[in-house]
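Next come the chains, spelled out residue by residue.
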Amino acid sequence: MAITDYAIPASALHDAYRAQGVNAVTTVPDFVQFALHDAMKSDEDVRYIECSAENQALTTAMGLYVGGMSPMVMMQNQGLLNCLNTLRSVGLDAGIPLVLSVGAFGREFANLGQPITESRRACVNLVEPVMAAMGIPFFHLETTQDLPKVAEAFATAKQQQRAAVVHIGHYPSWT
């Protein structure tokens, strides 16, 4: 496969999230998901809130959820690892079914199509095992064929009343 085969169109990701009722995004904008950020920010029906830290993005999304909105959180893998205690508090203890769209910053091209746990970079290879240790459902998107996992992540989060992670394995394309 070519590297571009791993670039899920941002428009397809946007549509997949919107199909799940997402009407708000809290984020610390990340390098990997730039195209998806642009799509979400441009959607007049989505409230897009940039935060200064991942902890703030999680707690702001929690407030939006409690207030009746359907938010999701966007960040990169390093930020996810940075906010584990807040994720535990909001996404497990409080039982808020937030879905986090997490970009795989630092993933090597040679790792595309391979298990992310085999990446040479800790910020990539630790994310899935750490989520498993915390009991947070993890859904890795590698190609457009993985887009149904977005709906599965939202259904799982709602059913289990806990956070779930949608892991974006490579830069979404600008289409």
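Refer to the structure above for everything that follows.
Residues numbered from 1 in each chain as written. Predicted model: local features only at pLDDT ≥ 70, side-chain atom pairs only at ≥ 80, totals over all residues. Heavy atoms only, no water.

Peer 1: Would you mind showing me how to read the side chain of His-167 here?
Peer 2: Inspection of the secondary structure assignment puts His-167 in strand β6 (residues 164-168). At 2.8 Å, the side chain of His-167 and the side chain of His-140 are in polar contact. When residues no more than four places from it in sequence are discounted, the contact partners of His-167 are Val-102, Ala-104, Ile-116, Val-127, Phe-138, Phe-139, His-140 and Leu-141. (Helix = DSSP H or I, 4+ residues; strand = E, 2+ residues; numbered from the N terminus. Polar contact = N/O pair within 3.5 Å; in protein donor to acceptor, adjacent residues only side chain to side chain. Contact = heavy atoms within 4.5 Å.)

Peer 1: I keep staring at the pairing of strand β4 (residues 99-103) and nothing clicks. Help me out?
Peer 2: Successive side chains on a regular strand alternate, one facing one side of the sheet and the next facing the other. Of all five residues in β4, five are buried; the element is thus mostly enclosed. Across the two faces of β4 the burial is the same, with Val-99, Ser-101 and Gly-103 and Leu-100 and Val-102 all buried. By the bridge criterion, five bridges tie strand β3 (residues 71-76) to β4 in an arrangement that is parallel. Bridging from a neighbouring strand, Val-73 pairs with Leu-100 of β4. Looking at chain direction, β4 and β6 are connected through five bridges and run parallel. Residue Val-99 lies in a different strand from β6, and its bridge partner there is Ala-164. (Buried < 20%, exposed > 50% of the residue type's maximum accessible area, 1.4 Å probe, protein only. Pairing = 2+ DSSP bridges.)

Peer 1: Can you help me understand the environment of Val-90 in this one?
Peer 2: Among the structural elements, Val-90 can be located in helix α5 (residues 84-93). Val-90 sits in the buried class, given a relative accessible area of 2%. Taking the C-alpha atoms as reference, Val-90 lies 19 Å from Pro-129; in sequence the two are 39 residues apart. Not counting residues within four places of it along the chain, the set of residues in contact with Val-90 comprises Leu-58, Thr-59, Met-62, Gly-95, Ile-96 and Leu-98.

Peer 1: What is the right way to look at the packing of aromatic side chains in this model?
Peer 2: How two aromatic rings sit relative to each other is given by the distance of their centres and the angle of their planes. The final tally for this structure, using the stated rule, is four aromatic pairs. An angle of 65° between the planes, with centres 6.2 Å apart, marks the rings of Tyr-17 and Phe-154 as edge-to-face. Of this pair, Tyr-17 sits in helix α1 (residues 10-19) while Phe-154 sits in helix α8 (residues 148-160), and the two are 137 residues apart along the sequence. Given a relative accessible area of 5%, Phe-154 falls into the buried group. Judged by centre distance (5.6 Å) and plane angle (70°), the ring pair of Phe-31 and Phe-34 falls under edge-to-face. Note on Phe-31: relative accessible area 44%, which makes it partly exposed. What links up through ring pairs into an aromatic cluster is the set Phe-31, Phe-34, Phe-105 and Tyr-171. (Phe/Tyr/Trp six-rings, centres within 6.5 Å; stacked < 30°, edge-to-face > 60°.)

Peer 1: Is there a simple way to explain the sheet that holds β6 in this structure?
Peer 2: Strand order across the open sheet formed by six strands is β2-β1-β3-β4-β6-β5, with parallel pairing between neighbours. Looking along the sheet, the strands with just one partner apiece sit at the ends: β2 (47-50) and β5 (138-141). Direction aside, the axes of adjacent strands within the sheet are offset by 20° on average. The pairing of strand β1 (residues 24-27) with β2 spans four bridges and is classified as parallel. When the sheet's bridge partners are listed, Thr-27 is paired in β2 with Glu-50. Of the strands in this sheet, β4, β5 and β6 are in contact with α8, which crosses β5 at around 170°. (Axes fitted to C-alpha atoms, helices over the stretch in contact; angles between N-to-C directions.)

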